[in-house]
Amino acid sequence: MRHIISLLLENEAGALSRVSGLFSARGYNIESLTVAPTEDPTLSRMTIVTSGSDDVIEQITKQLNKLVDVVKVVDLSDGEHIEREMMLVKVRAAGKDREEMKRMTEIFRGRVIDVTDKSYTIELTGTGTKLDAFLNAIERGAILETVRTGASGIGRGDRVLKI
Amino acid sequence: MEMTTPGIAPQGAASHTEPAPHTESPHTEPPHTELSGAEITVRCLQEEGVPFVFGYPGGAILPIYDEMFKQDKVKHVLVRHEQAAVHGAEGYARVTGKVGVVMVTSGPGLTNAVTGIATAYMDSIPQVIISGQVPTHAIGQDAFQEVDTVGVTRPCVKHNFLVKDVRELAMTIKKAFYIAATGRPGPVLVDIPKDVQLSRTTFHYPASMSLRSYNPVVKGHAGQIKKAIQLLLQAKRPMFYTGGGVVLADASKELVELVRALGYPCTNTLMGLGAYPASDRQFVGMLGMHGTYEANMAMQHCDVLLAVGARFDDRVIGNPRHFDQEQRQIIHVDIDPSSISKRVKVDVPIVGDVREVLQEMIRHLGTLKERPDAAALKQWWAQIDQWKQRDCLRYDRGASIIKPQFVVEKLYEVTRGELILTSDVGQHQMWAAQFYKFEKPRRWLNSGGLGTMGVGLPYAIGAKLAMPEAQVACITGEASIQMNIQELSTAKQYRLPIKIVNLNNRYMGMVRQWQEFFHGNRYSESYMDALPDFVKLAESYGHVGMRIEKPADVEPALREAFERTNDLVFLDFITDQTENVFPMVPGGKGLSEMILV
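Computed from a prediction, not measured in an experiment: that's the story for all the values here.

Draft legend 1. Structural view of the interface of chain B and chain A. Counting from both sides, the interface comprises 16 residues of chain B and, opposite them, 19 residues of chain A. Summing both sides of the interface, chain B and chain A together bury roughly 1,500 Å²; the carbon and sulfur share of this comes to 44%. Contact with chain A buries area across many residues of chain B, yet Arg154(B), Arg212(B) and Ser213(B) alone supply 42% of it, more than any other trio. Where chain B meets chain A, there are four salt bridges. A salt bridge links Lys66(A) to Asp336(B); the shortest N-O distance between them is 2.8 Å. Linking chain B with chain A are ten residue pairs in polar contact (both at pLDDT 80 or more). Looking at the side of chain B that touches chain A, its residues break down into four nonpolar, five polar and seven charged.

Laid out in structure tokens, this is it:
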């Protein structure tokens, strides 16, 4: 089953490699991993999307907690949560396709953030499945380049991950 | 470059006593005196009361060695290979329970140490490794003797640090000692670039510290402890399964008290031997791949299992699916939550310091009127006694060729079971575990997790330095001993009268055994050809060598060796080439699927 795990870790050199090294050393899956400093510059917040049986997920959270640099671990999938991913996609947009591409972007509530006479660069935010849906909705051959951030997650309501 | 350590020119073992308790305040300098990073490093080791550092100098750590030269509180033990430095520090830590300290240079110094660090990590041995590093401005430039030390060691340390600013050095070393010794212990590495060793700052060794991201749980959950005692009291076929965690937590006394109070059978893992006295009526022997028939059968068929400081690893329970075939309730006490429900599903997990939890269990049991079901227990013991009658450790005692088991039995008799016994890895290790009866913890030193050949001699060196009054012997084989044979020189320099019991069967015995059982008798590369004459080899290092070829000579030779209290004696026993270790649970099989003699 797919799980989205959030962690707070010391914003120190090597902390990221301890986490990614743990996943490769123990053979756990990583679907995506995102990390950036928080409003407290001594802390980084990481979101890992992984999958595995309940036993495996339990081990993943225990092993993450065991890392000395990791301050807190929460499996967001245990409760209501919000998940977002951002994608930049450069598409061919010339001639009659140009208007069609603009309309699709609007339908998916994306934005065109860069324009040339032959292409658009589109910014799109949402769940991973929404981003997939956009890519499936436009013509395959029109896609020149995509870049995705991987998912970030946060608990719904008053649930807060803080130290 | 030839380096000497006049600070501890060989003075005989008797001088290697515990250092006086450190009473000096950290503020002996005027407040504005600045010390170099190298001085700070050595001062930190003094503040920690470190009696021995095991190491080997080199370019990137010379400033620290220069400071070591100027003092004599922290003694340096010069090994002949960095791997042995780590094992030496492990040996010290395994017998004392204190943090062992290692000092190596950058690049090859560090990579040579990695096998030792991984060994310490697998067995949860507290250790601090100080490594020199190329100067910060040279890091990433592929400098001479540069290696990404924190990267290379990351998967086999509890934690590691690269110190880039001398102002953080003292605090980092403080953290390293704290992390190494607390929670589930382990090796912690501090990598110090040469320019940081030479930069200066004021020195203040912090008296205490806390880490927001590191707070090991010590006290067990009271409700879970009550539940565990309830389960234990209701058991019809109870079993104690205890491991190295009991030794690490110094919880042997509590374990014995609880086991005796309940009257239940107890088994130890390879790492736990000595935590429960081997001669005790309730001890059923070691369990696992080469455990006793009775221990493995009791483990498989119990209805309530109390696992303490053990981790259900593959060499202990074999195939977890086979283990799961029998219904039983499992209580698991461990300081490391990730050890619980990792290989088997646990019914009552208790995270905490093993000693604290056992104390709580004893206390709670004392408040209850309920006692174990005597009738059921009697029946269970009758069953165990029946299993015992298989006499699973029997061997041919009348053989005309020396049987390795016979040597271990005689070693036990001659030393009255009082040895600190170190071991290498292989058949001799298993025979020692089966036939040498350990009555106390911290007397059996071996590499259980990583299974590192070559640990025996450096473990013995570390143990003898730590406990100069104790008799220390290393049981080994002709293959293992050659992996760190150069340490005979270290043992000479520090005059350590260790006894080496070499069970020489001219084969990598355990490899040969597996090839016989599972690879159609094809002894691929397991024959040890072109062996040295170990007697002459020992003599060339300035020690005493003896070769023993007849069973009748075994005991007299051992007696003579142990009477030579000032000599390292290398006993080369020429043993039966075809002897195998029984019982054996083949890899991937279940505990009740043993091959018996």
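That shown, we press on.
Draft legend 2. Spatial organisation of the environment of Lys589(B). Residue placement: Lys589(B) occurs in the segment after β20 (569–574). In this structure, the C-alpha to C-alpha distance between Lys589(B) and Met289(B), residues 300 residues apart in sequence, is 9.4 Å.

Draft legend 3. How the structure looks around the side chain of Arg18(A). For Arg18(A), the position within the fold is in helix α1 (residues 15–25). We classify Arg18(A) as buried; its relative accessible area is 12%. A polar side-chain atom of Arg18(A) sits 2.9 Å from a polar atom in the side chain of Asn160(B).

Draft legend 4. View of the packing of helix α10 (residues 252–262) of chain B against helix α14 (residues 354–366) of chain B. Residue and element names in this part refer to chain B. Between α10 and α14, the least distance of the axes is 9 Å, while the angle of their chain directions is 30°. On the basis of the axis angle, α10 is roughly parallel to α14. Here α10 and α14 pass one another in a crossing that is left-handed. The segment α10 lies against α14, with Glu-254, Leu-255, Glu-257, Leu-258, Ala-261 and Leu-262 engaging Arg-355, Leu-358, Gln-359, Met-361, Ile-362 and Leu-365. For the contact of α10 with α14, the per-class residue count stands at eight nonpolar, one polar and three charged.

Draft legend 5. Inspection of the packing of aromatic side chains at higher detail. All names here are of chain B. One pass over the full model with this rule turns up 21 aromatic pairs over all chains. With centroids separated by 6.2 Å and ring planes inclined at 75°, the aromatic side chains of Phe-52 and Tyr-92 adopt a geometry described as edge-to-face. In this pair, Phe-52 is assigned in strand β2 (residues 52–55) and Tyr-92 in helix α3 (residues 82–96), connecting sequence segments 40 residues apart. A residue is classified by how much of its surface remains accessible, and Phe-52, at 2% relative accessible area, is buried. Judged by relative accessible area, which is 1%, Tyr-92 ranks as buried. Note on Tyr-178 and Tyr-214: the rings are 5.8 Å apart at their centroids and 85° apart in plane angle, and the pair reads as edge-to-face. With Tyr-178 in helix α6 (residues 169–181) and Tyr-214 in the loop between β8 (200–202) and α8 (222–234), this pair connects stretches of sequence that are 36 residues apart. Accessibility expressed as a relative area gives 28% for Tyr-178, which makes it partly exposed. Over the aromatic face of Trp-381 sits the side chain of Arg-281, whose NZ or CZ is 4.7 Å from the ring centroid. Positioned above the aromatic ring of Tyr-293 is the side chain of Arg-390, whose terminal nitrogen or guanidinium carbon lies 4.7 Å from the ring centre.

Draft legend 6. The pattern of salt bridges, seen in detail. With the rule as written, the count across this model stands at 41 salt bridges over all chains. The residue Glu418(B) makes a salt bridge to Arg416(B) at a minimum N-O spacing of 3.8 Å. Given the relative accessible area of 59%, Arg416(B) is considered exposed. The closest approach of N and O atoms between Glu555(B) and Arg559(B), which form a salt bridge, is 2.9 Å. With Glu555(B) and Arg559(B) both in helix α22 (residues 551–563) and four residues apart, the pair spans about one turn of that helix. Taking the relative accessible area as the measure of exposure, Glu555(B) reaches 24% and is therefore partly exposed. One network of salt bridges, in which partners are shared, links Asp55(A), Glu58(A), Lys62(A) and Lys345(B).

Basis of the calculations
- Residues numbered from 1 in each chain as written.
- Chains lettered and ligands numbered in written order.
- Predicted model: local features only at pLDDT ≥ 70, side-chain atom pairs only at ≥ 80, totals over all residues.
- Heavy atoms only, no water.
- Contact = heavy atoms within 4.5 Å.
- Buried area = accessible area lost by both parts, 1.4 Å probe.
- Salt bridge = Lys/Arg side-chain N within 4 Å of Asp/Glu carboxyl O.
- Polar contact = N/O pair within 3.5 Å; in protein donor to acceptor, adjacent residues only side chain to side chain.
- Nonpolar A, V, L, I, M, F, W, Y, C, P; charged D, E, K, R; others polar.
- Helix = DSSP H or I, 4+ residues; strand = E, 2+ residues; numbered from the N terminus.
- Buried < 20%, exposed > 50% of the residue type's maximum accessible area, 1.4 Å probe, protein only.
- Axes fitted to C-alpha atoms, helices over the stretch in contact; angles between N-to-C directions.
- Parallel < 35°, antiparallel > 145°, perpendicular 65-115°, else oblique.
- Left-handed = near helix turned anticlockwise from the far one by under 90°.
- Phe/Tyr/Trp six-rings, centres within 6.5 Å; stacked < 30°, edge-to-face > 60°.
- Lys NZ or Arg CZ within 6 Å of the ring centre and 35° of its normal.

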